[in-house]
Amino acid sequence: MSEDVRLVAWVRGRVQGVGFRWFTRAKALELGGLSGFALNLGDGRVQVVAEGARERCEGLLDWLQGADTPGRVDGVTEIWDTPRGGYDGFAIR
């Protein structure tokens with residue numbers, strides 16, 4: 001069984017105004033077992049916080065870095081941590 005982790009990712013590029021947060025939430029729900037949120041930042045990036053099984057968080061990160069995202073992703077910076085909990089599902093903020 002996989003350990004639970006916390007992924008925090010900052011996505012750079014043309015990722016606001018293109019449905020990026022909605023599609024990120026849809027992907028998290030498709031992967032299943034993830035909680036967290038996607039949030040537009042004032043500097044044009046999108047912050048994604050996901051907690052759940054490591055494989056599922058890695059799957060979400062792979063998707064964020066891949067070519068199937070809306071808009072254009074120029075880069076993703078991520079950090080890994082222990083889960084903090086407190087999320088009810090996966091939200092768009």
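Not measured: the values here are computed from a predicted model. (Residues numbered from 1 in each chain as written. Predicted model: local features only at pLDDT ≥ 70, side-chain atom pairs only at ≥ 80, totals over all residues. Heavy atoms only, no water.)

1. Topic: the UniProt feature "active site" (unreviewed entry) in the protein chain
Part 1 of the argument: Mapped onto this numbering, the UniProt entry gives "active site" (unreviewed entry) at Arg21 and Asn40. Annotated residues spanning 20 residues; largest pairwise C-alpha distance 7.8 Å, indicating a single compact cluster.
Part 2 of the argument: Looking at the element boundaries, Arg21 is found in helix α1 (residues 20-31).
Part 3 of the argument: Arg21 sits in the partly exposed class, given a relative accessible area of 23%.
Part 4 of the argument: The residues touching Arg21, leaving out its near neighbours within four places in the chain, are Ala38, Leu39, Asn40, Val46, Ile92 and Arg93.
Part 5 of the argument: Topologically, Asn40 is positioned in strand β2 (residues 35-40).
Part 6 of the argument: Leave out the neighbours within four places in its chain, and Asn40 touches Gln16, Arg21, Arg45, Val46 and Arg93. (UniProt positions renumbered as here; feature names shortened; annotations may be inferred. Helix = DSSP H or I, 4+ residues; strand = E, 2+ residues; numbered from the N terminus. Buried < 20%, exposed > 50% of the residue type's maximum accessible area, 1.4 Å probe, protein only. Contact = heavy atoms within 4.5 Å.)

2. Quick notes on helix α2 (residues 54-65)
Part 1 of the argument: Over its twelve residues, α2 extends 16 Å from the first C-alpha to the last, a length consistent with the 16 Å expected when each residue adds 1.5 Å.
Part 2 of the argument: For α2, the complete set of buried residues consists of Cys57, Leu60, Leu61, Trp63 and Leu64. Considered in projection along α2, the buried side chains sweep an arc of 160° and stay on one side of the axis. Opposite the buried face of α2, by more than 90 degrees, sit the exposed residues Glu55 and Asp62.
Part 3 of the argument: The inward-facing, buried residues of α2 contact β1 (4-14), α1, β3 (46-53) and β4 (72-81). (Expected span 1.5 Å × (residues − 1). Arc of directions from axis to C-beta.)

3. Here we look at the pattern of salt bridges
Part 1 of the argument: Enumeration over the complete set of coordinates arrives at seven salt bridges.
Part 2 of the argument: Among the salt bridges present, the one from Glu30 reaches Lys27, with a minimum N-O distance of 3.1 Å. Of this pair, Glu30 and Lys27 both sit in helix α1, three residues apart, which is roughly one turn of that helix.
Part 3 of the argument: Classification of Glu30 by relative accessible area gives exposed; the value is 61%. (Salt bridge = Lys/Arg side-chain N within 4 Å of Asp/Glu carboxyl O.)

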